[in-house]
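Commentary on secondary and tertiary structure
In case you want the letters, here they are:
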Amino acid sequence: MLPSDDERISWVASQVLPHEAALRTWLRRFRDIDIDDIVQDSYAAMITADIAGIRNPRAYLFTVARSVVLRHYRRSRIISITALTDFDAQSIVDEGADAERALGARQELARLYTFIEELPQRCRHILLHRKLDGLSQREVAQRMGVSESVVEKQLARALRALNGMFREPGSGERPADGGDVRATRRRDAGIC
């Protein structure tokens, strides 16, 4: 039997509202958002959720809020890399996660953000528009004032470079010539 509206509201009041202060503190990390709107949208989603399956209301609230923030960034026309790095996995409490696996995932995510930041501007924007915003090749080309061929080639290079980065076991090692690791990695991968 589905819970009534009163039961849902009571559940949100007793299980979710006590975590609002922590949620607001966590949301202060994000730029260009209205915290009150994010909290309100999160509560609206929580009230309509299937509460019977929620085992950890705090973690679920943070996950919902994260989705609302991400939706806000997707709707905005300009997405800063700094704003994306605010989605560090360590800032969401998941009491059931394996600590070692979570640490490895955070480190890999940090490597990804660093590598994306190192991409040339046009290549980075094309990658983010295609993969994060979900724009078509044609839409990216129109938005950036380049041909679809440029979008296709730049995206292919960025993806090849990312693939190469994740295959490199010792990505922190110096090249034999003593040069810059990142410049060597970009040159070898044929980035942009």
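In the annotation of an unreviewed UniProt entry, the entry for the chain reads Sigma-70 family RNA polymerase sigma factor, and the organism field reads Gluconacetobacter dulcium. Heading Sequence similarities (unreviewed entry) of the UniProt record for the chain holds this comment: "Belongs to the sigma-70 factor family. ECF subfamily."

**Examining the overall build of the chain**
Check the secondary structure of the chain and you find 10 helices and 0 strands. In the chain, the succession of helices and strands from N to C terminus is α-α-α-α-α-α-α-α-α-α. Counting over 192 residues, the chain shows a buried share of 33%. Within the chain, contacts between residues at least 6 apart in sequence are counted, and of these 62% link residues at least 24 apart. By element, 48% of the accessible surface of the chain is carried by carbon and sulfur atoms, the whole surface being about 11,700 Å².

**Thoughts on the environment of Gly134**
For Gly134, the location among the structural elements is in the loop between helix H7 (121-131) and helix H8 (137-144). Residue Gly134 is classed as exposed on the basis of its relative accessible area of 56%.

**Topic: the pattern of salt bridges**
Summed over all chains, the structure comprises 3 salt bridges. Its salt-bridge partner being Arg24, residue Glu20 comes within 2.7 Å of it at the nearest N-O pair. Here Glu20 pairs with Arg24, and both are found in helix H2 (residues 20-27), just 4 residues apart, close to one helical turn. The residue Arg138 makes a salt bridge to Glu148 at a minimum N-O spacing of 3.4 Å. Of the two residues, Arg138 is situated in helix H8 and Glu148 in helix H9 (residues 148-167); the sequence distance between them amounts to 10 residues.

**A closer look at the side chain of Arg124**
Summarising the element assignment, Arg124 is placed in helix H7. Put simply, Arg124 is tucked away with no salt bridge, and the nearest opposite charge, on Glu117, sits 7.7 Å away.

**Details of helix H1 (residues 5-16)**
Its 12 residues place the ends of H1 15 Å apart at the C-alpha level, agreeing with the 16 Å of an ideal helix rising 1.5 Å per residue. Where H1 is concerned, the buried positions are Arg8, Trp11, Val12 and Val16. One face of H1 carries all of its buried residues, which in axial projection span an arc of 100°. Packed against the buried residues of H1 are H2, helix H3 (35-48) and helix H4 (57-75).

**A word on the packing of H3 against H4**
In helix packing, the relevant descriptors are the interaxial angle and the interaxial distance, both defined with respect to the helix axes. Interhelical geometry of H3 versus H4 gives an angle of 120° and a closest axis separation of 9 Å. Taken as axis vectors, H3 and H4 run oblique relative to one another. The element H3 and its partner H4 pack so that their crossing is right-handed. Seen from H3, the contacting residues are Ile38, Asp41, Ser42, Tyr43, Ala45 and Met46; seen from H4, they are Pro57, Tyr60, Leu61, Val64, Ala65, Val68 and Val69. Taken together, the residues that form the contact of H3 with H4 break down as 11 nonpolar, 1 polar and 1 charged.

Quick notes on the rules
- Residues numbered from 1 in each chain as written.
- Predicted model: local features only at pLDDT ≥ 70, side-chain atom pairs only at ≥ 80, totals over all residues.
- Heavy atoms only, no water.
- UniProt positions renumbered as here; feature names shortened; annotations may be inferred.
- Helix = DSSP H or I, 4+ residues; strand = E, 2+ residues; numbered from the N terminus.
- Buried < 20%, exposed > 50% of the residue type's maximum accessible area, 1.4 Å probe, protein only.
- Contact = heavy atoms within 4.5 Å.
- Areas by Shrake-Rupley, 256 points an atom, 1.4 Å probe, with all protein chains shown as cover.
- Salt bridge = Lys/Arg side-chain N within 4 Å of Asp/Glu carboxyl O.
- Lys, Arg positive; Asp, Glu negative; His and termini not counted.
- Expected span 1.5 Å × (residues − 1).
- Arc of directions from axis to C-beta.
- Axes fitted to C-alpha atoms, helices over the stretch in contact; angles between N-to-C directions.
- Parallel < 35°, antiparallel > 145°, perpendicular 65-115°, else oblique.
- Left-handed = near helix turned anticlockwise from the far one by under 90°.
- Nonpolar A, V, L, I, M, F, W, Y, C, P; charged D, E, K, R; others polar.

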